[in-house]
Amino acid sequence: MSRRCNLILDSCCDLPYRIIDHEGMSFIPFPYVMSDGDHLDDMYQSITPEQFYGKLRAGEASSTSQISLPTLMELFEDAAKKGEPTVYLCFSSNMSGSYDVACMAVDNVKQSYPDAELYVADSGLASFAEGLLAHEAIRQWNNGLTARELKDWAEEARYYVNCRFVVEDLEALARGGRLPAVGAYLGSKLDIKPLVSFDQEGKLTLVGVVRGRKKAMKQMVEFFQKNFDPSQGEHTCVIGHADCADDLQKLREKLEGTENGDQAQFIEGVVGPVIGSHVGPGMMAVCFWGPDRRSSVSLTDRIARRVKSE
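It should be emphasised that the depicted structure is a prediction, and the values quoted were computed from it without experimental measurement.

A. Geometry of the packing of helix 9 (residues 213-227) against helix 10 (residues 245-256). For the pair helix 9 and helix 10, the least separation of the axes is 10 Å and the interaxial angle reads 40°. As helix 9 runs across helix 10, the sense of the crossing is right-handed. Residue-level inspection shows Arg213, Met217, Met220, Val221 and Phe224 of helix 9 in contact with helix 10, the latter providing Asp247, Lys250, Leu251, Lys254 and Leu255. Among the residues making up the contact of helix 9 with helix 10, the classes are represented as 6 nonpolar, no polar and 4 charged.

Written as structure tokens, this is what we have:
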């Protein structure tokens, strides 16, 4: 190992805990609240997925909040005191205020330690898409990227994460303000399943709707078949579910049956309590390295962005 910095990940990456349990790596659990009080999303170290989703299926609500400033300041201050360069790969800034809080924590710590190398990298992703980026960030970290290099790598690599999520219930998105309640009600009556991804700004975007779960799964498989290219050297594929393990196995079999699908190296995960609070039971996802998502932006929009950056 030739690590040259510390790496911090958060629980919204929804990876299995064993993958992020490394010496020299820190993990920040996001908070959530249920009827029995405050909890931390510790990636199912203190509760099982069955227990959490059992409560949701029984009608219990779960709310979430951003990571606190004191929590982040403690991590960054400890790194600064030790003189250890550190980068935090953060949940999308357009889906949580935690990115802004992390940047504030860095600014505060640097008032006392102005030479500290502390960085916050915006993943622009969430859940298993963030997990795919985090998984490769761990490899790059092990290979010896500096903190600054790792931040720059992550904020470029995020655009090559290709993903599709299917949500079982449109009402779950409505509760999070992603869809009008009337549309969610009608959608549930028509058995409409939304297909969701991320735009270039790190926001959730609706990329399609189909009637029925089988058709949604078919669209996910077709998306994978079109865009997964192992000849580029990246074979890792993160798939996951929110309390629908049997359906995930069916999806995996279909993915493996596609052209080049047998070359995918699958990592399976379960949606954690924080993301699960917003998507509800039944979500499935497939995430893999693929084409640059910025290439889908129109020519005129690309020109406008270039002008803004200049």
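B. Seen up close, the sheet that holds strand 5 (residues 63-64). Read across the sheet, 3 strands follow the order 4-3-5 without closing on themselves; strand pairing throughout is antiparallel. In this open sheet, the two strands that pair with only one neighbour each are strand 4 (37-40) and strand 5. Bridge count for strand 3 (residues 31-34) against strand 5 is 2 bridges, and the pairing is antiparallel. Opposite valine 33, over in strand 5, you have serine 63 as the bridge partner.

C. Geometry of helix 10. Here helix 10 spans 16 Å end to end across 12 residues, near enough to the 16 Å set by a 1.5 Å rise per residue. Three or more residues of helix 10 are buried, namely Leu248, Leu251 and Leu255. The arc enclosing the buried residues of helix 10, seen along the axis, measures out at 60°, which places them on a common side. Opposite its buried face, helix 10 presents the exposed residues Asp246 and Glu253, each directed more than 90 degrees away. Residues of helix 10 that are buried sit in contact with helix 9, strand 11 (236-241), strand 12 (265-270) and strand 13 (284-289).

D. Highlighting the side chain of serine 277. With respect to the helices and strands, serine 277 occurs in helix 11 (residues 273-279). In this structure the side chain of serine 277 is engaged in a polar contact, spanning 2.7 Å, whose partner is the side chain of serine 62.

E. Main features of the pattern of salt bridges. Under the definition given, this model contains 13 salt bridges. Each member of the salt-bridge network shares a partner with another, and the members are Glu168, Lys193, Arg213 and Asp247.

F. Structural view of the packing of aromatic side chains. Enumeration over the complete set of coordinates arrives at 10 aromatic pairs. For the pair tyrosine 32 and phenylalanine 52, a centre-to-centre distance of 5.9 Å together with 85° between the ring planes defines the contact as edge-to-face. Linking tyrosine 32 in strand 3 with phenylalanine 52 in helix 2 (residues 49-57), this pair joins segments that are 20 residues apart in sequence. By the burial criterion, tyrosine 32 is buried, and phenylalanine 52 matches it. Ring centres of phenylalanine 52 and tyrosine 53 lie 4.9 Å apart, and the angle between their planes is 75°; on these two criteria the pair is classed as edge-to-face. For the pair phenylalanine 52 and tyrosine 53, a shared accessibility class is recorded, and that class is buried. One aromatic cluster is present, built from ring pairs that chain together Phe223, Phe224, Phe228 and Phe288.

G. Just helix 4 (residues 98-112), in detail. In a regular helix each residue adds 1.5 Å, so 15 residues correspond to 21 Å; helix 4 covers 22 Å between its end C-alpha atoms and thus fits that length. The set of residues buried in helix 4 consists of Ser98, Tyr99, Val101, Ala102, Ala105, Val106 and Val109. Projection of helix 4 onto a plane perpendicular to its axis shows the buried side chains occupying an angular sector of 160°, all on one side. Turned more than 90 degrees away from the buried face of helix 4, the exposed residues are Asp100 and Gln111.

H. Focus on unusual backbone geometry. Of note, the phi angle at tyrosine 44 is positive, near 65°, even though the residue is not glycine. Mapped onto the secondary structure, tyrosine 44 falls in the loop between strand 4 and helix 2. With a relative accessible area of 17%, tyrosine 44 lands in the buried category. For asparagine 260, which is not a glycine, the phi torsion comes out positive at approximately 75°. Along the chain, asparagine 260 turns up in the loop between helix 10 and strand 12. Assessed through its relative accessible area of 27%, asparagine 260 is described here as partly exposed.

I. Expanded view of the environment of cysteine 237. Mapped onto the elements of the fold, cysteine 237 is located in strand 11. A C-alpha to C-alpha distance of 4.5 Å links cysteine 237 and phenylalanine 288, two positions 51 residues apart in sequence. Those residues in contact with cysteine 237, other than ones at most four positions away along the chain, are Phe224, Ala264, Gln265, Phe266, Ile267, Val286, Cys287 and Phe288.

J. Inspection of the packing of helix 3 (residues 69-82) against helix 4 at higher detail. At a closest axis distance of 9 Å, the pairing of helix 3 and helix 4 adopts a crossing angle of 45°. One finds that helix 3 runs oblique with respect to helix 4. In terms of crossing hand, the pair formed by helix 3 and helix 4 is right-handed. Residue-level inspection shows Leu69, Leu72, Met73, Phe76, Glu77 and Ala80 of helix 3 in contact with helix 4, the latter providing Ser98, Val101, Ala102, Met104, Ala105, Val106, Asn108 and Val109. Per-class residue counts for the contact of helix 3 with helix 4 are 11 nonpolar, 2 polar and 1 charged.

Criteria and cut-off values
Residues numbered from 1 in each chain as written. Predicted model: local features only at pLDDT ≥ 70, side-chain atom pairs only at ≥ 80, totals over all residues. Heavy atoms only, no water. Axes fitted to C-alpha atoms, helices over the stretch in contact; angles between N-to-C directions. Helix = DSSP H or I, 4+ residues; strand = E, 2+ residues; numbered from the N terminus. Left-handed = near helix turned anticlockwise from the far one by under 90°. Contact = heavy atoms within 4.5 Å. Nonpolar A, V, L, I, M, F, W, Y, C, P; charged D, E, K, R; others polar. Pairing = 2+ DSSP bridges. Expected span 1.5 Å × (residues − 1). Buried < 20%, exposed > 50% of the residue type's maximum accessible area, 1.4 Å probe, protein only. Arc of directions from axis to C-beta. Polar contact = N/O pair within 3.5 Å; in protein donor to acceptor, adjacent residues only side chain to side chain. Salt bridge = Lys/Arg side-chain N within 4 Å of Asp/Glu carboxyl O. Phe/Tyr/Trp six-rings, centres within 6.5 Å; stacked < 30°, edge-to-face > 60°. Parallel < 35°, antiparallel > 145°, perpendicular 65-115°, else oblique.

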